[in-house]
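Listed below are the residues making up each chain.
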Amino acid sequence: MHKRVVITGLGIISPVGTGLETFWSSLTGGISGIRPVTRFDPAHFATKIAGEVIDFEPTGYIDRKEARRMDRFTQFAVAATGMALEDAALDLNTVDRGRIGVVLGSGIGGIETLEEQARILAARGPGRVSPFFVPMMIANMGAAQVAISYCLQGPNITSVTACASSSNAIGEAFKMLQWGHADVIITGGTEAPIIPLAMAGFCSMKAMSTRNEEPEKASRPFDSNRDGFVVGEGAAILVLETLEHAQKRGARIYAEMAGYGSSCDAYHITAPDPEGCGAANSMKAAIADADIEPVTVDYINAHATSTQLGDNAEVKAIKTVFGEHAYKIAVSSTKSMTGHLLGAAGGLEAMACVLAIYNGIIPPTINLEQPDPDCDLDFVPNTARKARVNVALTNSFGFGGHNATLAIKKY
């Protein structure tokens with residue numbers, strides 16, 4: 001007998017604000033977090049804009065000395081976990097820490113540390129490379145440091161599936177709770193990729209928007225004039241627990257985790273299957289796992305990164321799965337405001353679904369001025385919408401053809 005799993009806490013550090021209230025008021029207000037890059041001088045880069053986190057101070061949650069031994073992606077994870085635990089009102093002294101797990105996603109881990117130490121090696125030789133280099137860089141260190149910081153001794157896993165990383169992490173956490181492997185799991189994703197090396201790589205692929213003069217209008221999913229994604233950074237952490245555990249401690253419940261599906265396009269290392277077959281399979285699997293009918297889905301938070309190929313393939317996939325009902329579903333891309341948080345995107349967008357269900361407001365797709373004729377669904381253009389959302393899906397699709405879909409429903 002599978003246990004029911006609910007969401008009881010949320011912690012967020014994002015380009016549109018740190019903390020739940022700021023984040024949600026920005027999303028529902030249609031406010032963009034895209035601005036000129038300040039973390040390095042982007043003068044020689046084709047793309048000079050990003051979704052930077054500008055209001056984060058690690059020492060609110062992390063000892064100053066410890067913070068210096070963590071890459072930025074890890075600092076985000078530890079601090080956002082602190083926020084999520086506070087939001088969940090989870091007193092760690094009253095629960096079995098051996099039954100609390102951590103399952104996080106990150107696409108590239110501590111790449112800022114990697115770049116910095118490579119520079120030191122080249123300039124000053126191997127003797128000057130930091131002894132903390134490896135334990136700061138490796139992608140599992142976000143989950144490890146969360147566990148160390150809060151003494152959480154249950155299962156601890158990191159999912160690395162590019163832009164599907166945190167959706168896979170949440171899905172796997174959900175399954176572990178369903179099967180009784182833990183009582184509570186801290187899950188979601190974290191990413192800090194706004195550094196010269198990562199930006200140069202994406203620029204060389206010609207994957208990112210070069211609308212540098214109008215940063216807040218650069219991320220424009222489903223719009224005819226979209227010209228690539230905008231990279232973002234941050235962390236989104238959700239507290240998942242079994243329903244019985246949440247009820248026993250009288251927790252406030254935001255929503256219920258209902259289903260999880262994943263698939264692989266098995267098509268190309270960066271391009272999506274143009275027909276969206278893998279994406280469709282992922283959505284079908286999440287719907288089947290949730291044991292719901294497709295016509296009950298009210299809202300989809302689309303992966304929609306604002307690339308020509310990706311947005312079109314996702315629209316095709318939605319039509320494949322839902323048929324005529326596709327035109328009745330509200331579909332929006334919050335990446336129009338936050339940019340693309342890579343491995344942390346799925347966590348942020350699952351949180352957007354949870355809040356849409358809990359508050360009865362669907363965040364919009366901003367910058368949708370001239371819809372692409374091939375993208376003809378209800379994309380909640382430019383303005384948030386009051387609506388009762390009983391069932392929401394969130395999609396995440398990553399390089400390598402990794403697809404993950406989560407189904408979340410009203411509790």
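The structure this text deals with has already been given above.
A brief report on the enclosed structure follows.

Rules used in this analysis
All residue numbers here refer to positions counted from 1 along the written sequence of the relevant chain. In keeping with the model being predicted, local features are shown solely for residues with a pLDDT of at least 70 and side-chain atom pairs are shown and tallied solely at 80 or more, while totals for entire chains, interfaces and linings include all residues. Values shown for side chains rest on all heavy atoms present in the structure; no hydrogens or waters enter the calculation. Secondary structure is summarised from DSSP: a helix means a run of H or I of at least four residues, a strand means a run of E of at least two, and numbering begins at the N terminus for each. Values of the radius of gyration come from C-alpha atoms, whereas the globule rule sets the reference at 2.2 Å times the count of residues to the power 0.38. We call a residue buried when its accessible area falls under 20% of the maximum for its residue type, exposed when it is over 50%, and partly exposed in between, using a 1.4 Å probe and counting protein chains only. Only heavy atoms matter for contacts: two residues are in contact if any of them lie within 4.5 Å across the pair. Every accessible area reported is derived by Shrake-Rupley at a probe size of 1.4 Å, with residue values counting cover from the shown protein chains alone. What counts as a disulfide here is a pair of cysteine sulfur atoms lying within 2.5 Å. As used in this record, nonpolar core signifies buried Ala, Val, Leu, Ile, Met, Phe, Trp, Tyr and Cys residues forming a set joined through side-chain atoms within 4.5 Å. In this scheme Phe, Tyr and Trp rings, the latter by its six-membered ring, pair at centre separations within 6.5 Å, and the angle between planes marks the pair as stacked below 30 degrees, edge-to-face above 60, and tilted otherwise. Only protein atoms enter the 1 Å grid used here. Points where a 1.4 Å probe fits but cannot escape make up a cavity, open sets with protein on both sides within 12 Å along at least five of seven lines make up a pocket, and a residue lines them when an atom lies within 4 Å of a point. Grid points are joined across faces, edges and corners, and a volume is the space filled by probe spheres set on the points. At least two DSSP bridges between two strands are needed for those strands to be called paired. Whenever Lys or Arg places a side-chain nitrogen within 4 Å of a carboxyl oxygen from Asp or Glu, that contact is recorded as a salt bridge. In this scheme, patches are assembled from residues that exceed 30% relative accessible area and form no salt bridge. Like charges are connected within 9 Å, while nonpolar side chains (Val, Leu, Ile, Met, Phe, Trp, Tyr) are connected within 5 Å. Charge counting treats Lys and Arg as positive and Asp and Glu as negative, with His and both chain ends excluded. Think of each charge as sitting on NZ of Lys, CZ of Arg, CG of Asp or CD of Glu.

### Considerations on the overall build of the protein chain
Helices and strands together make up the secondary structure of the protein chain, namely 13 helices and 15 strands. In terms of overall dimensions, the protein chain is globule-like: its C-alpha atoms have a radius of gyration of 20 Å, near the 22 Å expected for 411 residues. Considered along the principal axes of its C-alpha atoms, the protein chain spans approximately 65 × 55 × 40 Å. The proportion of buried residues among the 411 residues of the protein chain is 61%. Contacts spanning at least 24 positions in sequence make up 79% of the contacts within the protein chain whose residues lie at least 6 apart. In the form shown here, the protein chain has an accessible surface area of approximately 15,400 Å², with 54% of it arising from carbon and sulfur atoms.

### Some remarks on the environment of Gly30
As for its position among the elements, Gly30 is in the loop between α1 (20–28) and β3 (35–36). Linking Gly30 and Ile366, residues 336 residues apart in sequence, is a C-alpha distance of 6.2 Å. In contact with Gly30, other than residues within four places in its own chain, are Met337, Pro364 and Ile366.

### Regarding the state of the cysteines
Chemically, a disulfide is nothing more than a covalent bond linking the sulfur atoms of two cysteines. Enumeration according to the criterion identifies zero disulfides in this entry. The thiol sulfur of Cys264 is not disulfide-bonded, and the nearest other cysteine sulfur, from Cys277, lies at 12 Å. You can call Cys264 partly exposed: its relative accessible area is 43%. With no disulfide of its own, Cys353 lies 17 Å from the sulfur of Cys163, the closest cysteine sulfur.

### Details of the nonpolar core
Formed by 49 residues in total, the largest nonpolar core has its most connected members in Ile7, Leu10, Leu238, Leu240, Met257, Met351 and Ile408. When contributions to this core are tallied by element, the ones reaching two or more residues are β1 (5–14), α1, α7 (165–178), β8 (234–242), β9 (255–264), α13 (345–359) and β15 (402–409). By residue number, the principal contributor to this core is α13, which donates ten residues. Of all hydrophobic cores here, the second largest spans 33 residues; its members include Ile13, Val53, Val184 and Val239.

### Observations concerning the packing of aromatic side chains
The final tally for this structure, using the stated rule, is five aromatic pairs. With a centroid separation of 5.1 Å and an interplanar angle of 65°, the aromatic rings of Phe56 and Phe76 are classed as edge-to-face. In this pair, Phe56 sits in the loop between β4 (49–50) and α2 (64–68) while Phe76 sits in helix α3 (residues 72–88), placing the two residues 20 residues apart along the sequence. Both residues of the pair, Phe56 and Phe76, count as buried.

### Description of the layout of surface pockets
Space inside the largest pocket adds up to approximately 740 Å³. Phe229, Thr270, Thr305, Thr307 and Phe399 are, among the 41 residues lining the largest pocket, the residues nearest its centre. Within the residue set of the lining of the largest pocket, elements represented by two or more residues are α8 (196–204), α11 (308–322) and β14 (391–398). Of the residues forming the lining of the largest pocket, the biggest block, five residues, is contributed by α11.

### Regarding unusual backbone geometry
In this structure, Ala162 is a non-glycine residue whose phi angle is positive, near 55°. Relative to the assigned elements, Ala162 resides in the loop between β6 (156–159) and α7.

### Some remarks on the pairing of strand β5 (residues 100–105)
A large share of β5 lies buried, amounting to six of its six residues. Of the two faces of β5, both are covered, the one formed by Ile100, Val102 and Leu104 as well as the one formed by Gly101, Val103 and Gly105. Of the pairings in the sheet, the one linking β5 to strand β7 (residues 184–191) comprises six bridges and is parallel in character. Bridge pairing links Gly105 to Gly189 in β7. One ladder, built from four bridges, connects β5 with β6; its direction is parallel. The partner of Leu104 across the bridge, within β6, is Thr158.

### Here we look at the pattern of salt bridges
This structure, assessed with the given rule, holds 19 salt bridges. A salt bridge links Lys316 to Glu275, with the shortest nitrogen-to-oxygen separation between them at 3.4 Å. In this pair, Lys316 sits in helix α11 while Glu275 sits in the loop between β9 and α10 (277–290), placing the two residues 41 residues apart along the sequence. Overall, Lys316 belongs to the partly exposed group, its relative accessible area being 36%. Its relative accessible area of 47% is what places Glu275 among the partly exposed residues.

### A word on a positive patch on the surface
Where like charges cluster on the molecular surface, the positive patch consists of Arg64, Lys65, Arg68 and Arg69. Along the chain, Arg68 turns up in helix α2. A relative accessible area of 61% means that Arg68 is categorised as exposed.

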